[in-house]
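# Architecture and fold: a report
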Amino acid sequence: MLIPRMSPMARFKNVFDSPPVPGVKQLLKWTVVDSVSGRRRRAPRRAPVPVVANDGRRLREAVGLEAATWVGHATFLIQTGGLAILTDPIFSTRIATIRRNVPPGLRIEDLPAIDVILISHNHRDHLDLPTLRRLGPRPLALVPSGVGRTMRRAGLERVIELEWWQSHDVADVRFTFVPSHHWSGRSIADRNASLWGGWGILSPRRRLYFAGDTGYFPGFREIGERLGPLDAALLPVGSYDPRWFMRAQHMDPSDAVRAFVDLGADRLIAMHWGTFKLTDEPLDEPPRLLDEERRRANLDPRHIVVPAIGQTIELGAPAG
Ligand code: ZN
Ligand code: ZN
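Residues numbered from 1 in each chain as written. Chains lettered and ligands numbered in written order. Predicted model: local features only at pLDDT ≥ 70, side-chain atom pairs only at ≥ 80, totals over all residues. Heavy atoms only, no water.

## Structural notes on the coordination of the zinc ion (ligand 1)
Our working definition: The donor definition counts N, O and S atoms within 2.8 Å of each metal and applies 3.2 Å to Na, K and Ca; water is not among these atoms, so some sites may look incomplete. Only two sets of limits are used to name each site, 85 to 135 degrees for every angle of a tetrahedral four-donor site, and over 155 degrees for opposite donors with all other angles from 65 to 115 for a square planar four-donor or octahedral six-donor site, with any other site named irregular. For the exposure calls, accessible area comes from a 1.4 Å probe over protein chains only, and a residue counts as buried if that area is under 20% of its type's maximum, exposed if over 50%, partly exposed in between.
Of the protein atoms, only His121 (NE2), His123 (ND1), His182 (NE2) and Asp213 (OD) coordinate the zinc ion (ligand 1), at distances of 2.1 to 2.3 Å. The coordination sphere of the zinc ion (ligand 1) comprises 4 donor atoms, whose angles at the metal cover 90 to 165°; the geometry is irregular. Residue class for His182 comes out buried when judged on its relative accessible area of 1%.

Shown next as structure tokens:
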């Protein structure tokens, strides 16, 4: 069984040590040395990505809807088991100096009443304080161990921290926090002081997995076994270049297909691309590579779903 491990400094660690997540020295090599020497891959800050208009009306009015709507980046509105759930909500126009490529696929005003907010880890593209303040105190927030204080600072009053493999039930839906291969920190001082991971969302009708941020790691198999059989795995496919720096913290499309196969899920739903340019690859590259990897793995296109921003994916019928 995978359990969180604490280092002697009372910091969290990944379950599998290799590949190790790079530190400050490697970060400086990527962002400073390789920039100055011209070794970084260059791509425009913006790129056209598919967007569909969504006024949220059907999402607010439909009863018994089983669906996932991609707002952008790692933010989904998931409706299952009668609950409205937001993953890693970020509706802001920028993260520090990084501007959003396209507006959120749903306006915050157009959301149904949110029951549960799931946070995968405390990085700024996943835990956005201005967004949380706008969502208000009503939703229940389920967060990794150590993230509760930040959430309460944003005005959330109902916050529950979980360790890996702990669960919390809301009505008929079970939420289980599971490992990922990543790290945490909002500043230089709090590296790995809080936990990171993904979420199982197990409702009477659908079994879903939201991965948050993760490098490829051997834990996907156990996640698939313990949460499965999974109807859908919401997996990150972007923020992967350069590989020498990103491999241990972000999957590329080939890693995501491998993870999908390990998980044994019916559908991969792609996320974490096209919204914020955090890394060196072109913003619109991930779906192209994902399609190549799908062909290489000989998977039917029905199993690999790349939603447009704003698109609602019905979870009612399995891909088969
Ligand atoms: Zn992260
Ligand atoms: Zn991220």
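Read on for the rest.
## Regarding the coordination of the zinc ion (ligand 2)
Looking at the zinc ion (ligand 2), one finds its protein donor set to be Asp125 (OD), His126 (NE2), Asp213 (OD), Asp213 (OD) and His272 (NE2), positioned 2.1 to 2.7 Å from the metal centre. What makes His126 buried here is its relative accessible area of 0%.

## Comments concerning the nonpolar core
Heads up, the rule is: Buried residues of nine kinds, namely Ala, Val, Leu, Ile, Met, Phe, Trp, Tyr and Cys, make up a nonpolar core once their side-chain atoms join them within 4.5 Å. Under the DSSP-based scheme used, a helix requires at least four consecutive residues in state H or I and a strand at least two consecutive residues in state E, with every element numbered from the N terminus.
Ranked by internal contacts, the top residues of the largest apolar core, which has 62 residues, are Phe76, Phe175, Tyr209 and Leu235. Of the residues forming this core, the biggest block, 5 residues, is contributed by helix 7 (residues 253-263). Core analysis: the second largest hydrophobic core is formed by 25 residues, Ala67, Leu111, Ala141 and Val143 among them.

## Some details on a nonpolar patch on the surface
Keep this limit in mind: A patch is a set of surface residues, each over 30% in relative accessible area and not in a salt bridge, joined within 9 Å for like charges and within 5 Å for the nonpolar side chains Val, Leu, Ile, Met, Phe, Trp and Tyr. Accessible areas in this description were obtained via Shrake-Rupley with a 1.4 Å probe; residue shielding takes into account the shown protein chains only. The term salt bridge refers to a side-chain nitrogen of Lys or Arg lying within 4 Å of a carboxyl oxygen of Asp or Glu.
A cluster of nonpolar side chains, contributed by Val24, Leu28, Val32, Val33, Val36 and Ile188, occupies part of the molecular surface with about 600 Å² of accessible area. Structurally, Val32 can be placed in helix 1 (residues 24-36).

## Considering the environment of His73
Convention followed: Contact definition: two residues touch when any of their heavy atoms are within 4.5 Å. As used in this structure description, the phrase polar contact means that two N or O atoms lie within 3.5 Å; if the pair is within protein, one of them must be able to donate a hydrogen and the other to accept it, and residues adjacent in sequence are counted only when both atoms belong to side chains.
When you line up the elements, His73 lands in the loop between strand 3 (67-72) and strand 4 (75-80). In the structure, His73 is positioned 198 residues away from Met271 in sequence and 5.9 Å away in space, judged by C-alpha atoms. Not counting chain neighbours up to four residues away, the residues in contact with His73 comprise Asp125, His126, Met271, His272, Thr275, Phe276 and Leu278. For His73, the side chain forms a polar contact with the side chain of Asp125, separated by 2.7 Å.

## Focus: the pattern of salt bridges
Per the counting criterion, the structure on display carries 22 salt bridges. We note a salt bridge from Arg41 to Asp241, for which the minimum N-O separation is 2.4 Å. With a gap of 200 residues between them, Arg41 in the loop between helix 1 and helix 2 (57-61) and Asp241 in the loop between strand 15 (232-236) and helix 6 (243-246) connect regions that are remote in the sequence. In this structure, Arg226 engages Glu222 in a salt bridge whose closest nitrogen and oxygen atoms are separated by 2.8 Å. Of the two residues, Arg226 and Glu222 are both situated in helix 5 (residues 220-227); the distance of 4 residues between them amounts to about one turn of the helix.

## Let's talk about the side chain of Asn54
Within the fold, Asn54 resides in the loop between helix 1 and helix 2. Here the side chain of Asn54 touches Gly56 through a polar contact of 2.9 Å, landing on its backbone nitrogen. A polar contact is formed between the side chain of Asn54 and the side chain of Thr312, at a distance of 3.2 Å. In this view, Asn54 contacts Leu59, Thr69, Gly105, Leu106, Gly310 and Thr312; residues no more than four positions away in its chain are not counted.

## Considerations on the sheet that holds strand 17 (residues 304-305)
In plain terms, the rule: For two strands to pair, DSSP has to find at least two bridges joining them. Here an axis means a line fitted to C-alpha atoms, over the contact stretch when the element is a helix, while the angle between two N-to-C directions is reported on a 0 to 180 degree scale.
Taken together, the 7 strands give an open sheet; going across it, the order is 11-12-13-14-15-16-17, and neighbouring strands pair in mixed fashion. One side of each edge strand has no neighbouring strand; the edge strands of this open sheet are strand 11 (167-170) and strand 17. Together, strand 14 (207-210), strand 15, strand 16 (267-271) and strand 17 form the strand contacts of helix 7, whose direction differs from that of strand 15 by roughly 155°.

## Notes on helix 7
In an α-helix, one turn spans 3.6 residues; hence positions three or four apart end up facing the same way. Counting buried positions along helix 7 gives 8 out of 11 residues, so the element sits mostly inside the fold. By the burial criterion, the buried members of helix 7 are Pro253, Asp255, Ala256, Val257, Ala259, Phe260, Asp262 and Leu263.

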